[in-house]
Number of protein chains: 2
Amino acid sequence: MKKRAVILLSGGLDSTTVLAMAKDQGYECYTMSFNYGQRTVAELKAAKAVSTQFGAKKHIEVKLDMTEIGGSALTDHDIDVPVGDAIAEEADIPVTYVPARNTVFLSIALGWAEVLEARHIFVGVNSVDYSGYPDCRPEFIQAFEDMANLATKAGVEGRKVHIEAPLSDMTKAQIIAAGVALGVDYQQTVSCYMSDDDGRACGECDSCILRRKGFEEQGFTDPTIYQ
Amino acid sequence: MKKRAVILLSGGLDSTTVLAMAKDQGYECYTMSFNYGQRTVAELKAAKAVSTQFGAKKHIEVKLDMTEIGGSALTDHDIDVPVGDAIAEEADIPVTYVPARNTVFLSIALGWAEVLEARHIFVGVNSVDYSGYPDCRPEFIQAFEDMANLATKAGVEGRKVHIEAPLSDMTKAQIIAAGVALGVDYQQTVSCYMSDDDGRACGECDSCILRRKGFEEQGFTDPTIYQ
């Protein structure tokens with residue numbers, strides 16, 4: 001049996017690159033997106049499209065209503081998404097942080113991996129995010145893996161689960177270069193926190209700024225379609 | 001400010017006892033239930049009722065559609081729930097195990113705790129469940145707490161999160177005795193995997209059997225209403 005992997009796929013630049021990497025490494029890929037009350041659904045369409053493009057065995061979209069929990073500009077519509085170069089000036093954790101989001105997504109991916117008997121879960125956390133998001137750091141990923149191996153049938157029976165975070169030490173520019181080499185068409189991906197329903201980006205939010213800088217640093221033309 | 005706690009509340013015997021304990025310890029209680037495609041919704045009604053009874057500050061019900069993931073008799077309607085004294089005879093993990101369920105529920109509770117600035121999360125795992133469910137063991141709870149303190153703003157800033165599992169070392173009979181002493185009316189709680197919409201129990205599933213034994217061992221009359 002071909003080795004299976006669950007890929008957390010938002011439809012953004014990072015997770016799409018991760019899918020391309022997992023595919024390149026020979027995994028049978030099961031992609032998973034979350035509809036969790038985020039402002040934009042264009043990224044969900046993008047996730048589906050890139051899953052098809054990279055021949056994922058199955059793509060599922062899990063509905064999780066986190067709006068009652070609140071606390072983030074991405075799900076709580078009373079909090080404004082910051083625009084401009086706010087991320088560089090903030091020492092604090094940004095308001096776009098969704099409480100425990102990676103923990104929640106990895107946990108649900110762990111459940112699916114258990115059903116599929118997949119022993120690898122891929123997640124697109126990377127060094128650019130370290131400054132603000134605690135659940136993007138390597139020590140978090142390691143602690144999650146340790147916990148996962150105590151939480152599951154597979155772990156208890158000695159079939160270890162591995163959390164793969166191949167972008168961990170890469171800059172946005174390096175990620176883009178790796179993805180382009182693997183055939184990723186970044187025009188299909190949606191990174192913007194406030195994209196319209198057709199996936200056109202605002203060009204002003206932190207995510208847009210980080211993404212554009214990545215293309216510039218790498219010397220590639222930015223394929224993003226802006227509003 | 002009164003210290004806050006998030007309580008994972010299924011509306012069953014164990015978690016209702018935990019709510020009574022947290023209340024008794026002086027916490028301001030925030031109760032959280034999950035609508036995750038389980039066969040029965042009577043337990044959700046029970047969770048709401050006992051939250052009101054014990055003066056929870058807020059009760060929320062999080063919708064999480066896990067049916068696409070499958071893998072458990074409690075959410076996958078193609079798998080039969082075992083009846084009779086199956087739990088005692090099975091060496092294996094029971095089919096009523098929901099993949100990574102406690103990990104998922106604790107993760108979402110962690111997100112809410114972060115928004116509420118609550119530093120305590122109560123969960124009703126107990127020793128009776130150890131035999132089969134890997135995510136009910138103390139080493140899992142400890143690993144989850146360790147991971148949680150690397151995942152969150154609060155943890156990163158030194159305000160540690162604690163996962164409280166007060167039933168860990170208690171038998172079902174001891175749990176019932178503790179709950180009765182704290183004013184729990186167990187007739188309001190629903191433990192059955194296959195209860196009807198009015199919360200009447202089947203009397204035959206593993207959960208019903210464990211519960212009835214608990215009342216018998218403690219010498220209490222079983223207040224459960226059976227179908």
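Up top is the structure these notes are about.
All figures in this text were calculated on a predicted structure; none of them were measured in a lab.

Asker: Give me the environment of T31 of chain B: which residues, what numbers.
Answerer: Residues and elements named next belong to chain B. Along the chain, the position of T31 falls in strand 2 (residues 28–35). Among the residues examined, T31 registers a relative accessible area of 0% and is labelled buried. Between the C-alpha atoms of T31 and V41, which are 10 residues apart in sequence, the distance is 17 Å. A distance of 2.8 Å separates polar atoms of two side chains, one belonging to T31 and the other to H59.

Asker: Report on the interface of chain B and chain A, specifying residues and quantitative values.
Answerer: Taken residue by residue, the interface counts 39 residues in chain B and 39 residues in chain A. In terms of surface lost to chain A, no three residues of chain B exceed E68, I69 and L150 of chain B, which account for 18% of the buried area on that side. Inspection of the chain B/chain A interface yields 0 salt bridges. On the surface where chain B and chain A come into contact, there are 3 residue pairs in polar contact (both at pLDDT 80 or more). The set of elements that each furnish at least two residues to the side of chain B that touches chain A consists of strand 3 (58–63), helix 4 (101–116), helix 5 (138–151) and helix 6 (153–156) of chain B.

Asker: Explain the sheet that holds strand 2 of chain B residue by residue, including any values.
Answerer: Residues and elements named next belong to chain B. The sheet built from 5 strands is open, its strands ordered 3-2-1-4-5 with parallel pairing. On the outer flanks of this sheet lie strand 3 and strand 5 (162–164), each paired with one strand and no other. Along the sheet, successive strands turn relative to each other by an average axial angle of 25°, direction set aside. Pairing of strand 1 (residues 4–8) with strand 2 involves 5 bridges; the strand directions are parallel. In the sheet register, I7 faces strand 2, and the bridge partner there is T31. Across the sheet, helix 2 (residues 42–53) is in contact with strand 2 and strand 3; its angle to strand 2 comes to roughly 170°.

Procedures and definitions
Residues numbered from 1 in each chain as written. Chains lettered and ligands numbered in written order. Predicted model: local features only at pLDDT ≥ 70, side-chain atom pairs only at ≥ 80, totals over all residues. Heavy atoms only, no water. Helix = DSSP H or I, 4+ residues; strand = E, 2+ residues; numbered from the N terminus. Buried < 20%, exposed > 50% of the residue type's maximum accessible area, 1.4 Å probe, protein only. Polar contact = N/O pair within 3.5 Å; in protein donor to acceptor, adjacent residues only side chain to side chain. Contact = heavy atoms within 4.5 Å. Buried area = accessible area lost by both parts, 1.4 Å probe. Salt bridge = Lys/Arg side-chain N within 4 Å of Asp/Glu carboxyl O. Pairing = 2+ DSSP bridges. Axes fitted to C-alpha atoms, helices over the stretch in contact; angles between N-to-C directions.

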